[in-house]
Every structure is written in C-alpha cells, then in structure tokens.
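Per-entry structural report
What follows is each chain in one-letter form.
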Amino acid sequence: RDLHRLIRRQRQMCIRDRLYDEHTWGASESIHKPYALQTLGQWAIKSSFSYKAAIRTKDILGNALNNITYRIKRSNEDTIAVFNSLSWERSDIVHLNIPINSLKGNKYFQIIDVESGKNLPYQIIGEQEKSLIIGFFAQNIPALGYKIYKILPSDKLPEFKTNISVDNERIENKFYKISIDPIT
C-alpha cells in the first residue's frame, strides 16, 4: 500500500513538472536575444522541470520493477528477470552487468532459459571494475510479462554453435558473404 501511494505521488509530481516544462513561458527577449543572460536563465529553470520529471520517472519504474521482482518465485541460483513492457510478445538483445562475485570464483558461466532449459549463447561486451557487461538474445518474452534466466558459474569455456565461417579474407553466414581485399 505504501509503495502504491509513493508511486501515485511521484507520478503526480512528474505530471506537474512536465506541465511546467511544456508551458510556453519565457524571457521577454527570448526571440530577439536567444543568448541573453535572462533568456538562458529562464531556459535553465524550464529545462530543470523536465530533468526532475525524468529522474522521478526512472524512480517510479525502479520501484515498480522492484515490487514485481520481489514477488517472483526464485531458486537459490542467481537469476535474471527480463521484462517486456509492450503489449505484444517480444524477442530482443538484452544487455546487463553480471557482478563478478556472483560467479563464485569461476571464470566462466552459463545462461539458462528456465522455461526451456536451453543454454543460451552470450557475448562479453566489456568489463567494469567488479562486473562483466554481457549481451544475449532473449526470445519470446510474453506481452506485459517477463521471463527468467539462471546464471550458473562454470569452470569450462562455453562453446556456442554458429553458422558463421571466418578466415583471413572472408566472413560468411547463410545470408551474407563479405570478402576483404587483402591489398587494401
């Protein structure tokens, strides 16, 4: 109940801030002298309403998602919930940070689709101080729903099947063949 009241109050504040931003008030010289100190000051005030609304909107989304994730049945393994806020089923690439300490000392890991049990291919995109930035393809996330994935630490390098062939002068899959001229 308190969370619902908090979200309602934050939403009302966002609407108020967006209305102030949209209101066409400005400095009297904003057309003739767009870079005058008074004009720039007025625009700084006006834009601050939008920034406040954006920050509050992010907070509302975070609180709502935390409320939902708290209710998801979880196992002892580390899990990822991928949400689809659209009104149709969706498949898309997911980017996320995996804390290195969640790998429990292992160098490698698997991402398992809990529903199908499939081991999903992923790509390590980068590293931050204490996390790996990864990407994977999440398929068939239900409309206005979510899908759960497990992260399982592993001591062996994962192998993913691919239909891509690569050599020094060519990259090819079933759709494209790219040849590279070694002279240029």
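The model shown is predicted, which means the values in this text are computed figures rather than measured ones.

**Structural notes on the overall build of the chain**
Each helix and strand counted, the chain has two helices and ten strands in total. Across the chain, helices and strands are ordered from the amino to the carboxyl terminus as α-α-β-β-β-β-β-β-β-β-β-β. Taking 2.2 N^0.38 as the reference for a compact globule, 184 residues should give roughly 16 Å; the C-alpha atoms of the chain span a radius of gyration of 24 Å, well beyond that estimate. Counting only C-alpha atoms, the chain reaches 65 × 60 × 35 Å along its principal axes. Scored against the burial criterion, the 184 residues of the chain give a buried share of 24%.

**Some details on the nonpolar core**
The biggest cluster of nonpolar side chains holds 17 residues, and the ones touching the most others in it are V82, F109, I111, I134, F136 and Y149. Within the residue set of this core, elements represented by two or more residues are strand 1 (78–84), strand 2 (90–99), strand 3 (108–113), strand 6 (131–141) and strand 7 (145–154). For this core, the element with the most residues is strand 6, which contributes five residues.

**Focus: the environment of A143**
Within the secondary structure, A143 sits in the loop between strand 6 and strand 7. Owing to a relative accessible area of 36%, A143 belongs among the partly exposed residues under this scheme. Along the primary structure A143 and N106 are separated by 37 residues, whereas in three dimensions their C-alpha atoms are 35 Å apart. Beyond its immediate stretch of four places on either side in the chain, A143 contacts N84, L86, S87, W88 and E89.

**Examining the packing of aromatic side chains**
Tallied over the full model, the rule gives four aromatic pairs. Measuring from ring centre to ring centre gives 4.3 Å for F109 and Y122, while their planes differ by 15 degrees; the resulting arrangement is stacked. Here F109, found in strand 3, pairs with Y122, found in strand 5 (residues 122–127); they are 13 residues apart in sequence, far enough to count as distant. The exposure class of F109 is buried, given its relative accessible area of 1%.

**Examining unusual backbone geometry**
Across the chain, the bulk of peptide bonds are trans and the bulk of non-glycine residues have phi less than zero. Residue N140 is not a glycine yet carries a positive backbone phi of 55 degrees. Take N140: it is sitting in strand 6. Overall, the relative accessible area of 40% leaves N140 in the partly exposed class. Positive phi, close to 50 degrees, is recorded for L144, a residue that is not glycine.

**Side note on the sheet that holds strand 3**
Ordered by their spatial adjacency, four strands build an open sheet running 1-7-3-4, and the pairing between neighbours is antiparallel. A single partner strand is all that each edge strand has here, and the edge strands are strand 1 and strand 4 (119–120). Two elements, strand 3 and strand 4, share two bridges in a ladder whose sense is antiparallel. Within strand 4, the residue paired with I112 across the bridge is N119.

**Notes on a nonpolar patch on the surface**
Side chains of I164, V166, I171, F175, Y176, I178 and I180 sit close together on the surface and give an oily, nonpolar patch of about 750 Å² of accessible area. Counting through the fold element by element, I171 comes out in strand 9 (residues 170–172). We classify I171 as partly exposed; its relative accessible area is 37%.

Parameters and conventions
Residues numbered from 1 in each chain as written. Predicted model: local features only at pLDDT ≥ 70, side-chain atom pairs only at ≥ 80, totals over all residues. Heavy atoms only, no water. Helix = DSSP H or I, 4+ residues; strand = E, 2+ residues; numbered from the N terminus. Rg over C-alpha atoms; globule rule 2.2 N^0.38 Å. Buried < 20%, exposed > 50% of the residue type's maximum accessible area, 1.4 Å probe, protein only. Core = buried A, V, L, I, M, F, W, Y, C linked by side-chain atoms within 4.5 Å. Contact = heavy atoms within 4.5 Å. Phe/Tyr/Trp six-rings, centres within 6.5 Å; stacked < 30°, edge-to-face > 60°. Pairing = 2+ DSSP bridges. Patch = residues over 30% accessible without salt bridge, like charges linked within 9 Å, V, L, I, M, F, W, Y side chains within 5 Å. Areas by Shrake-Rupley, 256 points an atom, 1.4 Å probe, with all protein chains shown as cover. Salt bridge = Lys/Arg side-chain N within 4 Å of Asp/Glu carboxyl O.

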